[in-house]
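One letter stands for each residue in the lines below.
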Amino acid sequence: MALARKGRSQRTIDYWPGFVDALSTLLLSIMFLLTVFVLGQFLLSREISGKDEVLTRLNSQINELTQLLALEKSGKQDLEDSLANLQASLSQSEGERSRLQALLDRGAGSEDAANVKIGRLGTDLENEREISARAMSQIELLNQQIAALRSQIAAVEEALQVAEAKDQTSQTKIADLGRRLNVALAQRVQELNRYRSDFFGRLREILSDRENIRIVGDRFVFQSEVLFPSGGSELNPDGQAEMGKLAAALLDLAKEIPAEINWVLRVDGHTDNVKLSGTGRYADNWELSSARATSVVKYLISKGVPADRLVAAGFGEYQPIAPGDSVEARAQNRRIELKLTEK
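This write-up is about the structure you can find in this document. (Residues numbered from 1 in each chain as written. Predicted model: local features only at pLDDT ≥ 70, side-chain atom pairs only at ≥ 80, totals over all residues. Heavy atoms only, no water.)

1. Concerning the nonpolar core
M243 and L300 are the most contacted members of the largest nonpolar core, which totals 27 residues. Contact partners of M243, with chain neighbours within four places excluded, come to F222, L227, L235, V296, Y299 and L300. Residues L58, L69, I146 and L149 belong to the second largest nonpolar core, which totals eleven residues. (Core = buried A, V, L, I, M, F, W, Y, C linked by side-chain atoms within 4.5 Å. Buried < 20%, exposed > 50% of the residue type's maximum accessible area, 1.4 Å probe, protein only. Contact = heavy atoms within 4.5 Å.)

2. Concerning the side chain of R335
Along the chain, R335 turns up in strand β5 (residues 335-342). From its side chain, R335 meets the backbone oxygen of Q319 in a polar contact 2.5 Å long. At a separation of 2.6 Å, a polar atom in the side chain of R335 contacts the side chain of E337. Discounting residues that sit within four places of it in the chain, R335 has contacts with V221, F222, Q223, S224, D268, G269, H270, Q319, P320 and I321. (Helix = DSSP H or I, 4+ residues; strand = E, 2+ residues; numbered from the N terminus. Polar contact = N/O pair within 3.5 Å; in protein donor to acceptor, adjacent residues only side chain to side chain.)

3. What about a nonpolar patch on the surface?
A contiguous nonpolar patch, built from F32, L33 and V36 and spanning about 280 Å² of accessible area, is present on the exposed surface. One can find F32 in helix α2 (residues 16-106). (Patch = residues over 30% accessible without salt bridge, like charges linked within 9 Å, V, L, I, M, F, W, Y side chains within 5 Å. Areas by Shrake-Rupley, 256 points an atom, 1.4 Å probe, with all protein chains shown as cover. Salt bridge = Lys/Arg side-chain N within 4 Å of Asp/Glu carboxyl O.)

4. Some remarks on the packing of aromatic side chains
Describing an aromatic ring pair means giving the distance of the ring centres and the angle of the ring planes. In the structure shown here, the tally under the stated rule is two aromatic pairs. The interplanar angle of 45° and the centroid separation of 5.6 Å between the aromatic rings of F220 and F222 together place this pair among those described as tilted. (Phe/Tyr/Trp six-rings, centres within 6.5 Å; stacked < 30°, edge-to-face > 60°.)

5. A few points about the side chain of T294
Note on placement: T294 falls in helix α6 (residues 285-302). For T294, a relative accessible area of 8% gives the class buried. At 2.8 Å, the side chain of T294 forms a polar contact with the backbone oxygen of S290.

6. Regarding the pairing of strand β4 (residues 310-314)
The element β4 is extensively covered by neighbouring structure, given that five of its five residues are classed as buried. Burial of the side chains of β4 extends over both faces: L310, A312 and G314 are buried on one face and V311 and A313 on the other. The pairing of strand β3 (residues 263-270) with β4 spans five bridges and is parallel. Paired with D268 across the strands is A313, a residue of β4. Crossover connection from β3 via α6 to parallel β4: handedness right-handed. (Pairing = 2+ DSSP bridges. Right-handed = clockwise from strand over helix to strand, strands pointing away.)

7. Things to note about α6
With 18 residues, α6 should cover 26 Å at 1.5 Å per step; its first-to-last C-alpha distance of 26 Å lies within 8% of that length. Within α6, 14 of the 18 residues are buried, leaving the element largely enclosed by the surrounding structure. Two or three places before W286, at the opening of α6, D284 has a side-chain oxygen 3.2 Å from that residue's backbone nitrogen. Once α6 finishes, G304 follows within two positions and takes phi at roughly 105°, a positive value. (Expected span 1.5 Å × (residues − 1).)

8. Quick look at the environment of S326
Along the chain, S326 turns up in the loop between β4 and α7 (327-333). Here S326 falls in the partly exposed class, since its relative accessible area comes to 35%. In terms of polar contacts, S326 uses its side chain to reach the backbone amide nitrogen of A329, at 3.2 Å.

9. Some thoughts on helix α5 (residues 237-256)
An α-helical turn contains 3.6 residues, so any two residues separated by three or four positions project in the same direction. Compared with the 28 Å implied by 1.5 Å per residue over 20 residues, the 30 Å span of α5 between its first and last C-alpha is a close match. Buried within α5 we find G239, E242, M243, L246, A247, A249, L250 and L253. One side-chain oxygen at the N-terminal end of α5 lies 3.2 Å from the backbone nitrogen of D238; it belongs to N236.

10. A word on the environment of K303
Inspection of the secondary structure assignment puts K303 in the loop between α6 and β4. With relative accessibility at 42%, the residue K303 sits in the partly exposed group. Separated by 56 residues in sequence, K303 and A247 place their C-alpha atoms 6.4 Å apart. Beyond its immediate sequence surroundings of up to four residues, K303 is in contact with A247 and L251.

11. Remarks on the packing of α5 against α6
One way to put it is that α5 packs onto α6 with a least axis distance of 9 Å and a crossing angle of 55°. Regarding the angle of α5 to α6, the classification is oblique. In terms of crossing hand, the pair formed by α5 and α6 is right-handed. The segment α5 lies against α6, with Q240, M243, G244, L246 and A247 engaging V296, Y299 and L300. Among the residues making up the contact of α5 with α6, the classes are represented as six nonpolar, two polar and no charged. (Axes fitted to C-alpha atoms, helices over the stretch in contact; angles between N-to-C directions. Parallel < 35°, antiparallel > 145°, perpendicular 65-115°, else oblique. Left-handed = near helix turned anticlockwise from the far one by under 90°. Nonpolar A, V, L, I, M, F, W, Y, C, P; charged D, E, K, R; others polar.)

12. As for the pattern of salt bridges
Tallying each qualifying case throughout the model produces ten salt bridges. Salt-bridge contacts for D268 lead to R266; the nearest nitrogen and oxygen are separated by 2.8 Å. Judged by its relative accessible area of 1%, D268 falls in the buried class. Within the structure, one salt-bridge network assembled from shared partners comprises E94, E126 and R129.

This is how it looks when you write it as C-alpha cells:
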C-alpha cells in the first residue's frame with residue numbers, strides 16, 4: 001500500500017506550471033517594454049498636437065499682418081504718386097518763374113503784370129512746398145509703420161521657426177525612442193546568441209564528436225540512451241559524467257555573461273511514440289519526459305549550477321525530430337535537448 005501511494009504521488013508531480021510561469025514572466029517583460037514605448041509615443045503626440053495649434057494661430061497672425069502691410073504699402077504708393085505730381089508741378093512752376101524772371105530782366109512785357117504773376121507763382125510755390133512737406137511727413141509716418149509691421153512679422157516668423165523646430169525635435173525623439181528600443185532588443189538577442197555559440201562550442205570540445213550527441217538548430221541534443229536506462233529517469237554513470245562536463249562548461253560561461261542578461265538553460269525531455277503500459281512507474285510519456293528533464297536539472301543543481309538559471313519541461317512524444325515509426329526514427333526522438341535562452 002505504501003508503494004502504491006508513493007507511485008500515485010510521483011505521477012501527480014507536474015512541472016508544467018513552472019514552464020508556464022517562466023513564459024508568463026517573459027511575456028510580461030515584453031509587454032512592459034511595449035507599454036513604455038506606447039506611453040512615450042502618446043505623451044509626445046500630445047505635445048505635438050499642442051504645437052500644431054500654436055502654429056495655426058501664428059500662421060493666422062502672419063496672414064493678418066501681411067494684409068495690413070499690403071494696405072499700408074498701397075497707401076504709401078498713393079502718397080508717393082501725389083508727391084511725384086506735386087514735385088512735377090513745383091518744377092513746372094519754378095521753370096515758369098525762371099522764364100518770367102528772364103523776361104523781366106530783359107525788359108519784355110509789363111513789369112507790374114510780371115510782378116503780380118511772379119507773386120502769384122511764389123504763393124503757389126509756397127503752397128506746393130507745404131503740401132510736399134505734409135506728404136513727406138505722411139510718407140515718413142508710413143515708413144515707421146511699415147518698419148514696425150516688419151518687426152512684428154519677423155518676431156512671428158521667429159516664433160514659427162521655434163515651434164517648427166520643437167515639432168521636429170518631438171518627431172525625432174519618437175523615432176529615436178523606437179530605434180533605441182529596437183537596437184536594445186537586437187543587442188540583447190545578439191549577446192545571448194554569442195554566448196549560446198560560445199556555450200555550444202565549449203560543449204563540442206569537451207563532449208567530443210559522439211554520434212549520439214549533436215547540435216540541432218539552437219539546441220544541444222543528447223540521445224536518451226546516453227543518459228538514462230530504458231524506461232527510467234535516473235541518470236546512469238555515463239549520463240552523470242556527461243552532465244558533469246556540461247555543468248562545468250555552464251559555470252564557466254555564467255562568469256562571462258553580463259548580469260543584465262536574464263538567461264536560463266532550458267532542459268526539454270522528449271520520448272518516442274511508443275505508448276507506456278501505465279502499470280509501471282510512469283503512466284505515460286508525458287510523465288517520463290518530464291521526469292527525465294527534472295532529473296537532469298537536479299543533477300546540474302547538485303554540481304553548483306544556480307537553480308534559478310534552469311528550467312525543466314516535458315514534451316512527451318509530441319515534438320519529434322525524425323518522422324516515422326522506424327527504430328532509427330524512434331531512437332532519434334528519444335532525447336534531452338538543452339537550449340540557452342532568456343527568461
